[in-house]
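The primary structure of each chain is shown beneath.
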Amino acid sequence: MSISRSSKDIISRKIDSIKDPFYIVILIASIYMIVFLYIPIIISITRIFSTDLSVMLILNSIPILIRTLIISAITTLISILIALVISYYLSFYTTYLEKIIFIIMITSSYWIGSLLKTYSLAYLIFLLENILGQRILYTDIAIYIGMIYNYSPLAIIPIFLAMERIDRIYIESARCLGAGETHIFMKVIMPMSKPGVLAGFLLVFTGSMGEIIIPQILGGSPRYMIGQWIYELTFSFKRVSDASLLSIIYLIISLATVISIYRKAGREVVIF
Amino acid sequence: MFLYIPIIINILGSLSSQRYTIDLTHITFEWYYKAFSNKEITTATINSLLLSVTSAVIASVLGFLTGYAYMMRKPGGFVETVIYIPIIIPEIIEAFTLATFYISLGVEMGFYTVLIGHLTFNIAYAFVILRSRLEMISRELIDVAKSLGAGEITVIIKVILPISYPAILSAALLTFALSFDDLVKTLFTTGPGFKTLPILIWSMTGRGGISPQINAITAVILIISLTSSLLISYILRRELIKTYY
């Protein structure tokens, strides 16, 4: 008998562990994901290199891409501003009970799904149009309103949670040292809620870029944003390869944003 | 909460008899009646329910088993990421790549293609919810049960399930709500024969724009979704308060 473990031992132990039912379950789940999530992604990536890519089409899609980026950027900016204001008020000026109610309401409103919210908004705008006599639906403004309406909860939640995590001691000491409310906000609260702001930025920006529902219902034309365009390309024009290229571009932009924020932030970006 | 204003107005609109304004002096349910005697709409509702319930059940069971297996064996970060990715990835990427996959295979799109797509993100969400709850169960409980002679399955049935059934229930409700309301994923993976309620609403708004009939349908969906999410909040109230603190 040798003192060192023979390789046969190690292999037979590994084989035993594969027969372990728990590993099998985990394996099943992972395989499912691999087959229905990762392989499709890889297939889409390979479609980029196929021969029926139309350069003209891609070049014509660039304005849509740029428009999408602009809409997302503005939406993110405004959503974060709204989130800061609302979170500040809610975090520092309300009672515990009110906060819980608030959290429940916001998360519930998020689970309703954007189709219902957007449609209700469209209906509201429709009614307002008749009252005010102004055309709002099917214009850019409607899309912005819809985007902000749908995505501000996504910004409010992380920022609110970040503000809640700020130890109130800092606020009190700042007050003791004579700082006014504005000063406290700028110098204490804002910097300390940065993780939440970054999380909110990521969520809203990457999420809003891929929107189909809002621009379609509120904008009317199927060519506002890149998500819509990808859908059109795939199902109306059957140009799957071009759509693949565009969606990979979207994926790359999203990943690049996430990675660059993580690099700059250094500290943990807190989402939940 | 101004987030809810459009929704309330939507529901009010579904009750009024006028088309261009909300006229609450003549409350009518005629839109509901019209909507639900429409064959297309009822089929879509049944489709949606079928899809969501199946999706919820499968995802909860699989999520639970995977979560339990994860708790017992702790394989490590890589597997975690593999299962978590659907939550981070924008839904349209998931939807589109899956559609490309189906198209490349030449598969006919229908109920099963949609179900598979839904399960992808549903399993991820169920896993997230159930795993954190299961990890809170102390290992001692399981060891004690085992030392008293319980086999693996008995442990699950008699020990784990009773403790974690709120989490399982809320995972089921969440996946149900997610599947029921889902548009993007379904849009990309469905075929002409299988329409869900959101898809129906989508095509109706594409065709005719706004109409109180759609309001009625959306009101019903709203009630279903809101009830399930409030139920979840109620079930998980203790966990909510714990994490909040």
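Just so you know, these numbers come straight off a predicted model, no measurement behind them. (Residues numbered from 1 in each chain as written. Chains lettered and ligands numbered in written order. Predicted model: local features only at pLDDT ≥ 70, side-chain atom pairs only at ≥ 80, totals over all residues.)

1. Re the overall build of chain B
Check the secondary structure of chain B and you find twelve helices and zero strands. In chain B, the succession of α and β elements from N to C terminus is α-α-α-α-α-α-α-α-α-α-α-α. Within chain B, the proportion of its 245 residues that are buried is 47%. Sequence-distant contacts in chain B: of pairs separated by 6 or more residues, those separated by 24 or more amount to 78%. (Helix = DSSP H or I, 4+ residues; strand = E, 2+ residues; numbered from the N terminus. Buried ≥ 20, exposed ≤ 12 C-beta atoms within 10 Å, placed from the backbone. Contact = placed C-beta atoms within 7 Å.)

2. What to know about the overall build of chain A
When you go through chain A residue by residue, the secondary structure sums to twelve helices and zero strands. Per-residue burial over chain A gives 39% buried out of 272 residues. Within chain A, contacts between residues separated by at least 24 positions form 78% of all contacts whose residues are at least 6 apart in sequence.

3. Points about the interface of chain B and chain A
Each side of the interface is counted separately: chain B has 61 residues, and chain A has 54 residues. Of the residues forming the side of chain B that touches chain A, the biggest block, twelve residues, is contributed by helix α5 (residues 91-105) of chain B. Looking at the side of chain B that touches chain A residue by residue, the classes come out as 43 nonpolar, 14 polar and four charged. (Nonpolar A, V, L, I, M, F, W, Y, C, P; charged D, E, K, R; others polar.)

4. So, the nonpolar core
Residues Ile159 and Ile230 of chain A together with Leu130 of chain B are the most contacted members of the largest nonpolar core, which totals 124 residues. Among the elements that line this core, the one with the most residues is helix α6 (residues 140-165) of chain A, at 15 residues. Not counting residues up to four positions away in its chain, the partners in contact with Leu130 of chain B are Gly63, Phe64, Gly67, Ser164, Ala167, Ile168 and Ala171 of chain B. (Core = buried A, V, L, I, M, F, W, Y, C linked by C-beta atoms within 7 Å.)

5. Some thoughts on the packing of α5 of chain B against helix α6 (residues 111-135) of chain B
Helix packing geometry: the angle between the two helix axes and the distance between the axes. Residues and elements named next belong to chain B. Here α5 crosses α6 at 140°, and the two axes come no closer than 11 Å. Looking at the two axes, α5 sits oblique to α6. Crossing of α5 over α6 shows right-handed handedness. On α6, the residues that touch Glu94, Ala95, Leu98 and Tyr102 of α5 are Thr113, Gly117, Thr120 and Phe121. Partitioned by chemical class, the residues of the contact of α5 with α6 number four nonpolar, three polar and one charged. (Axes fitted to C-alpha atoms, helices over the stretch in contact; angles between N-to-C directions. Parallel < 35°, antiparallel > 145°, perpendicular 65-115°, else oblique. Left-handed = near helix turned anticlockwise from the far one by under 90°.)

6. Observations concerning the domain arrangement of chain A
Residues and elements named next belong to chain A. Taken domain by domain, chain A holds domain 1 (1-49) and domain 2 (56-265). Taken together, the four residues of domain 1 in the interface contact six residues of domain 2. Residue classes in the side of domain 1 that touches domain 2 are distributed as two nonpolar, one polar and one charged. (Domains from an automatic or database assignment.)

7. So, the environment of Leu231 of chain B
Residue and element names in this part refer to chain B. Along the chain, the position of Leu231 falls in helix α11 (residues 212-235). Residue classification places Leu231 among the partly exposed positions, given that 15 C-beta atoms sit within 10 Å. Put simply, Leu231 and Glu94 are 137 residues apart on the chain and 28 Å apart in space, counted from C-alpha to C-alpha.

8. Looking at helix α11 (residues 226-236) of chain A
All names here are of chain A. Most of α11 is tucked away, with eight of its eleven residues classed as buried. Listed as buried for α11 are Ile226, Gly227, Gln228, Trp229, Ile230, Tyr231, Leu233 and Thr234. Taken from the residues just after α11, Lys238 is the one with a positive phi, measuring 60°.

9. Considerations on the packing of helix α3 (residues 55-93) of chain A against α6 of chain A
Residues and elements named next belong to chain A. Packing of α3 against α6 brings their axes to within 7 Å, and their N-to-C directions diverge by 45°. Taken together, the axes of α3 and α6 lie oblique to each other. Crossing hand, α3 versus α6: right-handed. The residue inventory of the contact of α3 with α6, partitioned by class, reads 20 nonpolar, five polar and one charged.

10. Concerning the confidence of the model for chain A
Interpretation of the predicted coordinates at a detailed level should be avoided for regions scoring low in pLDDT. Overall, the predicted model of chain A reaches an average pLDDT of 79, with 86% of residues at or above 70. Mean pLDDT per element in chain A: helix α1 (residues 7-19) of chain A is the minimum at 55, and helix α9 (residues 194-209) of chain A is the maximum at 89. (pLDDT = per-residue confidence, 0-100.)

11. Considering the confidence of the model for chain B
All names here are of chain B. When pLDDT is averaged across chain B, the result is 77; 79% of the residues are at 70 or more. At the low end of the mean pLDDT range in chain B sits helix α12 (residues 237-244), at 59; at the high end sits helix α9 (residues 184-189), at 88. Under the prediction, the complex receives an ipTM of 0.79, its pTM being 0.80.

12. Looking at the environment of Ile83 of chain B
By the element assignment, Ile83 of chain B lies in helix α4 (residues 77-88). Each C-alpha atom, one on Ile83 of chain B and one on Leu98 of chain B, is 16 Å from the other, the two residues being 15 residues apart in sequence. The contact partners of Ile83 of chain B, leaving out residues within four places of it in the chain, are Ala29, Ser30 and Met33 of chain A together with Ala124 and Phe127 of chain B.

13. Side note on the environment of Phe205 of chain A
Residues and elements named next belong to chain A. Inspection of the secondary structure puts Phe205 in helix α9. Measuring from C-alpha to C-alpha, the distance between Phe205 and Leu57 comes to 25 Å, with 148 residues separating the pair along the chain. Ignoring anything within four residues of it in the chain, the contact list for Phe205 reads Ser72, Thr76 and Thr257.

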